[in-house]
Amino acid sequence: MKVFVDSQRCQGHTLCSMIAPDAFQLSDIDGTASPVSEVVAPELEDAVREAVQSCPEQAISIEE
Amino acid sequence: MSVDDIADIDRKKNRYHFDRHTPEYRLQFEKITEEMHARCPIAWTDTYDGHWVAAGSSAVFELARCPAVSNHHDISGETPFQGITIPKASRATVVRGGILEMDEPEHSIYRGALNPYLSPAAVKRWEPFVDEITRAAIDERIETGSIDFVEDLANVVPAVLTLAMMGIELKKWKMYSEPTHASVYTPEHSPDRERVNEQHREMGIDLINNMNEIRENPRPGLVNALLQLRIDGEPAPDLEILGNLGLIIGGGFDTTTALTAHALEWLGEHPDERERLSRERDTLLNPATEEFLRYFTPAPGDGRTFSEDVEVEGQLFKKYERLWLSWAMANRDPSVFEKPHEIILDRKANRHFSFGIGVHRCAGSNVARTVFKSMLTAVLDRMPDYVCDPEGTVHYDTIGVIQGMRHLPATFTPGKRLGPGLDETLEKLQRICDEQELARPITERKEAAVID
């Protein structure tokens, strides 16, 4: 699985890193998110799927 | 009737009499929300000179992010941009409401100055400081077995922290807190209004004094951030700085108080859920916090003005028409949330809009969550058997601006104090704040506060 955060859409709500802290990192300056690694470790896939569904801005997408 | 009038009637055919400032709106919130979702997720109402209301999640999402939807507030009144308030405040408005009443690119210039003080990493540094205020506020009541969760806890912690982050003396928290809450819940026609306005003026004067002091002798904090900001080489106008400071206070105080009080009231009514939340807090505290945010939506919505003719979700809007974006109603949309009117502590896929959506996402969202979690967990640890008194509980009569509470008295099995009371603690925290320069931005200071 690959994961992407659309930086134009992300507004730093931080829900993704709350749900999948090992898959998403937040900017120290404004809290906007980026994937820790584009390729998702198998054990993080479920949490990343949940993060996709939880993002208020619909900024996260995945490629299975 | 002209062709345009007929077109207008057709354009506004989805109508709903919507008045969120009435007590009926609070009492019938679920019914009104369900009706609007079923019949008209975007509706026209004739109230307050006429405006649109977006109630459905998808409508709110698209409109909040639409470039033709403006937050701007024209104080001069020369153009019909009236910012985020519907109706316009009757009090003479002399300043814009900070970044919340600005559009791009201006908004991002100011927001960029504030973000390094409010980001998740920046706020995390304050956690030991917040826990210490919470500890002291609870110690004031712990031996007595009774507390008013609003007055004695939820009003205190957000106010003290907000002042600390701004760079204003902690001991002044009451001078700031009282008018900030009271001006939300005191109706315009109330006999108390003049007293509240007077307190509000005193707070405003103190804020201006602080601004002048910090301009002369800079000390770290959000006030300094705005004073140091340069726009095309020039300092930001004083009135815009004041507007932003007012927004930080208004946004920082009443909303977190409202969230905490409502969550504590609900947990008091559901002791099994309270016990479960306490026991399973490692996994449950985060989703439960988001669920309380969704369900209670302390700031229930925002006004906007259309800056262009635009079509969104099949609805045609005209330039200068006004719009109410209801975060609170979007948060109950059954197409997004299963059992939307129930609190489910471990709810998944909780796409709530309680901090707004788009570029105006609440700048203090990380502060709100941190302060809320500190107060909630301290109550769960130290007053686990509390029982609220419904007779003494006072909700705001209306939820048009903030869904808040004035009183939430409770009793519990008394416990032991863990340290000094509030006044002594605030003196100590002031010293720590000054010595460690806690109010510096994350770009200048990475370490967490150390409470000695």
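Note that the structure is predicted; figures quoted are calculated from it, not measured.

### Brief notes about the overall build of chain B
- Scanning chain B from terminus to terminus reveals 18 helices and 14 strands.
- Radius of gyration (C-alpha) of chain B: 22 Å, near the 22 Å computed for a compact globule of 452 residues.
- Seen along its three principal axes, the alpha-carbon backbone of chain B occupies a region of about 75 × 55 × 45 Å.
- The 452 residues of chain B split such that 48% are buried.
- Long-range contacts, defined as pairs at least 24 residues apart, comprise 73% of the intrachain contacts of chain B with a sequence gap of at least 6.

### Remarks on the overall build of chain A
- In terms of regular secondary structure, chain A is built from 2 helices and 4 strands.
- Seen in sequence order, chain A has helices and strands lined up from the N terminus as β-α-β-β-α-β.
- Relative to the 2.2 N^0.38 estimate, which gives 11 Å for 64 residues, the radius of gyration of chain A is 10 Å and therefore close to what a compact globule would have.
- Taking the principal axes of its C-alpha atoms as reference, chain A extends roughly 30 × 20 × 15 Å.

### Quick word on the packing of helix H7 (residues 127-142) of chain B against helix H9 (residues 156-166) of chain B
All names here are of chain B.
- One can describe the packing of H7 onto H9 by two numbers: an axis separation of 9 Å at closest approach and a directional angle of 140°. The angle between H7 and H9 places the two elements in the oblique class. Taken as a pair, H7 and H9 cross one another with a handedness that is right-handed. Between H7 and H9, the contacting residues are Phe129, Val130, Ile133, Thr134 and Ala137 on the first element and Val156, Val157, Val160, Leu161 and Ala164 on the second.
- In terms of residue class, the contact of H7 with H9 is built from 9 nonpolar, 1 polar and no charged.

### Concerning the nonpolar core
- Grouped together as the largest cluster of nonpolar side chains are 117 residues, with contacts concentrated most on Ala54(B), Val60(B), Ile133(B), Val157(B), Val160(B) and Leu161(B).
- Sorting elements by how many residues they give to this core places helix H13 (residues 238-269) of chain B first, with 12 residues.
- Counting residues in each nonpolar core, the second largest holds 16 residues, with Val5(A), Ala20(A), Leu26(A) and Cys55(A) among its members.

### Here's the deal with the packing of H9(B) against helix H17 (residues 365-382) of chain B
Residues and elements named next belong to chain B.
- Put simply, H9 and H17 touch, their axes get as near as 10 Å, and they point 135° apart. Taken together, the axis directions place H9 and H17 in an arrangement best described as oblique. Crossing angle aside, the handedness with which H9 passes H17 is right-handed. Each of Val157, Pro158 and Leu161 in H9 lies in contact with H17, whose residues at this interface are Val367, Val371, Ser374 and Met375.
- The class makeup of the residues in the contact of H9 with H17 is 6 nonpolar, 1 polar and no charged.

### What about the interface of chain B and chain A?
- Opposite the 20 residues of chain B that make contact, chain A presents 16 residues.
- Looking at the side of chain B that touches chain A residue by residue, the classes come out as 9 nonpolar, 8 polar and 3 charged.

### Points about the pairing of strand E10 (residues 322-326) of chain B
All names here are of chain B.
- Among the 5 residues of E10, 5 are classified as buried, and the element is accordingly described as predominantly covered.
- Residues Arg322, Trp324 and Ser326 of E10 are buried on one face, and the alternating residues Leu323 and Leu325, pointing to the opposite face, are buried as well.
- Note that strand E2 (residues 51-54) and E10 share 3 bridges and pair parallel. Looking across to E10, one finds that Ala54 is bridged to Leu325.

### Focus on the sheet that holds strand E7 (residues 301-306) of chain B
- Read across the open sheet, the 5 strands follow the order E1-E2-E10-E7-E3 (chain B); overall the sheet is mixed. Only two strands of the sheet have a single neighbouring strand rather than two, namely strand E1 (42-45) and strand E3 (69-70) of chain B.

### Some remarks on the sheet that holds strand E11 (residues 387-388) of chain B
Residues and elements named next belong to chain B.
- Strand order across the open sheet formed by 3 strands is E4-E14-E11, with antiparallel pairing between neighbours. With partners counted over all chains shown, the strands left at the sheet margins are strand E4 (146-148) and E11, one partner each.
- By the bridge criterion, 2 bridges tie E11 to strand E14 (residues 409-411) in an arrangement that is antiparallel. Note on E14: the bridge partner recorded for Val387 is Thr411.

### Side note on the confidence of the model for chain B
- Of all residues in chain B, 99% attain a pLDDT of 70 or more, and the chain-wide mean is 96.
- Complex prediction metrics read pTM 0.97 and ipTM 0.98.

### Details of the environment of Tyr396(B)
Residues and elements named next belong to chain B.
- Here Tyr396 shows up in the loop between strand E12 (394-395) and strand E13 (405-407).
- Classification of Tyr396 as buried rests on a count of 20 C-beta atoms within 10 Å.
- Taking the C-alpha atoms as reference points, Tyr396 and Lys172, separated by 224 residues in sequence, lie 25 Å from one another.
- Look past the residues within four positions of Tyr396 in its chain and what remains in contact with it is Tyr185, Ile402, Gln403, Gly404, Met405 and Arg406.

### So, unusual backbone geometry
Residue and element names in this part refer to chain B.
- Residue Pro87 is reached from Ile86 by a cis peptide bond, and omega for that bond is -10°.
- Relative to the helices and strands, Pro87 is located in the loop between E3 and helix H5 (106-118).
- Residue Pro105 is bonded to the preceding Glu104 through a cis peptide linkage, with omega at 5°.
- Tracing the sequence through the fold places Pro105 in the loop between E3 and H5.
- The phi angle at Tyr48 is positive, at roughly 50°, despite the residue not being glycine.
- Of note, Tyr48 is situated in the loop between E1 and E2.
- Note on Tyr48: 17 C-beta atoms within 10 Å, which makes it partly exposed.
- The phi dihedral of Asp232 falls on the positive side, at around 50°, and the residue is not glycine.

Here is what the cut-offs are and how they apply
- Along each chain, the written sequence defines residue order, and numbers are assigned to residues from 1.
- Each chain is given a letter, starting from A, and each ligand a number, starting from 1, according to the order in which they appear as written.
- Predicted model: local features are reported for residues with pLDDT of at least 70 only, side-chain atom pairs are reported and counted for 80 or more only, and whole-chain, interface and lining totals are derived from all residues.
- Here a strand is any run of E in DSSP of at least two residues, a helix any run of H or I of at least four, and the numbering for each starts at the N terminus.
- Just to be clear, the radius of gyration here is over C-alpha atoms, and the globule rule we use is 2.2 Å times residues to the power 0.38.
- Backbone-placed C-beta atoms define the burial measure: a residue is buried with 20 or more other C-beta atoms within 10 Å of its own, exposed with 12 or fewer, and partly exposed in between.
- Contact between residues is assigned whenever the C-beta positions, reconstructed from backbone atoms, fall within 7 Å.
- Interaxial angles span 0 to 180 degrees and are taken between N-to-C directions of axes, which are lines fitted to C-alpha atoms, for helices over the stretch in contact.
- Angle categories are assigned with fixed cut-offs, so that under 35 degrees is roughly parallel, over 145 is roughly antiparallel, 65 to 115 is roughly perpendicular, and the rest are oblique.
- Left-handed is the label given to a crossing in which the near helix is rotated counterclockwise from the far helix by less than a right angle, and right-handed is the label when the rotation is clockwise.
- Three residue categories are used. Nonpolar comprises Ala, Val, Leu, Ile, Met, Phe, Trp, Tyr, Cys and Pro, charged comprises Asp, Glu, Lys and Arg, and polar comprises the others, including Gly.
- The nonpolar core is taken to be a set of buried Ala, Val, Leu, Ile, Met, Phe, Trp, Tyr and Cys residues joined by way of C-beta atoms within 7 Å.
- Strand pairing requires that DSSP identify at least two bridges connecting the strands.
- Scored from 0 to 100, pLDDT records how confident the predictor is in each individual residue.

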